Amino acid sequence: KKEETMSRAIVLSTSNLATLILASLSLGYLLGSWGRIGSSYGSHSLNSSSGATHANTVNGAFVLLVTMKFTSIENRDTFLEWIEQVCNDVYDNEGPGSITDGSSSLNTLSYKVAISDKDPLSVVLLERYADKDHGYLEVHKSGTEFMNFREKLKGMQESGDVVIEGESYLETDLGFV
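Residues numbered from 1 in each chain as written. Predicted model: local features only at pLDDT ≥ 70, side-chain atom pairs only at ≥ 80, totals over all residues. Heavy atoms only, no water.

Q: Explain the environment of Asn 148 to me, and be specific about the residues and the numbers.
A: With respect to the element layout, Asn 148 can be found in helix α4 (residues 144-158). Counting along the chain gives 62 residues from Asn 148 to Val 86, while the straight-line C-alpha distance between them is 9.1 Å. (Helix = DSSP H or I, 4+ residues; strand = E, 2+ residues; numbered from the N terminus.)

Q: I'd love a proper account of the side chain of Glu 127, names of residues and values included.
A: Relative to the assigned elements, Glu 127 resides in strand β6 (residues 122-129). A polar side-chain atom of Glu 127 sits 2.4 Å from a polar atom in the side chain of Tyr 129. Apart from the residues lying within four places of it in its own chain, the contact partners of Glu 127 are Phe 62, Val 63, Leu 64, Val 66, Ser 110, Tyr 111, Tyr 136 and His 140. (Polar contact = N/O pair within 3.5 Å; in protein donor to acceptor, adjacent residues only side chain to side chain. Contact = heavy atoms within 4.5 Å.)

Q: Which residues make up the packing of aromatic side chains, and what values go with them?
A: Counting across every chain of the model gives five aromatic pairs. Ring geometry for Phe 79 versus Phe 149: centroids 5.9 Å apart, planes at 55 degrees, classification tilted. Linking Phe 79 in helix α2 (residues 73-93) with Phe 149 in helix α4, this pair joins segments that are 70 residues apart in sequence. Overall, Phe 79 belongs to the buried group, its relative accessible area being 0%. (Phe/Tyr/Trp six-rings, centres within 6.5 Å; stacked < 30°, edge-to-face > 60°. Buried < 20%, exposed > 50% of the residue type's maximum accessible area, 1.4 Å probe, protein only.)

Q: Outline α4, supporting the account with residue identities and numerical values.
A: The terminal C-alpha atoms of α4, which comprises 15 residues, lie 21 Å apart, in line with the 21 Å expected from a rise of 1.5 Å per residue. Residues of α4 that are buried: Phe 146, Phe 149, Leu 153 and Met 156. Looking down the long axis of α4, one finds its buried residues gathered within 80 degrees of arc, a one-sided arrangement. The exposed residues of α4 that point more than 90 degrees off its buried face are Thr 144, Glu 151 and Glu 158. (Expected span 1.5 Å × (residues − 1). Arc of directions from axis to C-beta.)

The following block contains the structure:
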């Protein structure tokens, strides 16, 4: 029997959440750069007028930041039960747990749930993928656990038990994790 290693949720302060996001972005950059040694992905150019460093975003990781506001702790806790199964599945089949022989590459770089330290009904999901087309659209969105979870969450949305907003981003090579 698989040993359960995931906790249900982590409550983070705003500064700790920002640190977690930065750490995740940097890890993704480093993992993504290993396969691109010698390419322009990790290069920086100096802007002569301002001295600022520019980032090449073309090959950066695809990032989703999803915020959720629940109407009750019970609804939030139901979500946490559902997402725990997805987190385990993503880890085992898309993330670090999917690399067993060193020949595979990560599709999902990060998949993390955090609860606001100021409002226990507010939850954020940070998702980072090696790329949008394959890692996110082909691999992640076709996962059985994800598809089952998404149907249940859609029902929660339609009944007004949660409001979900999300944005997508491409990482740059500015900063570090």
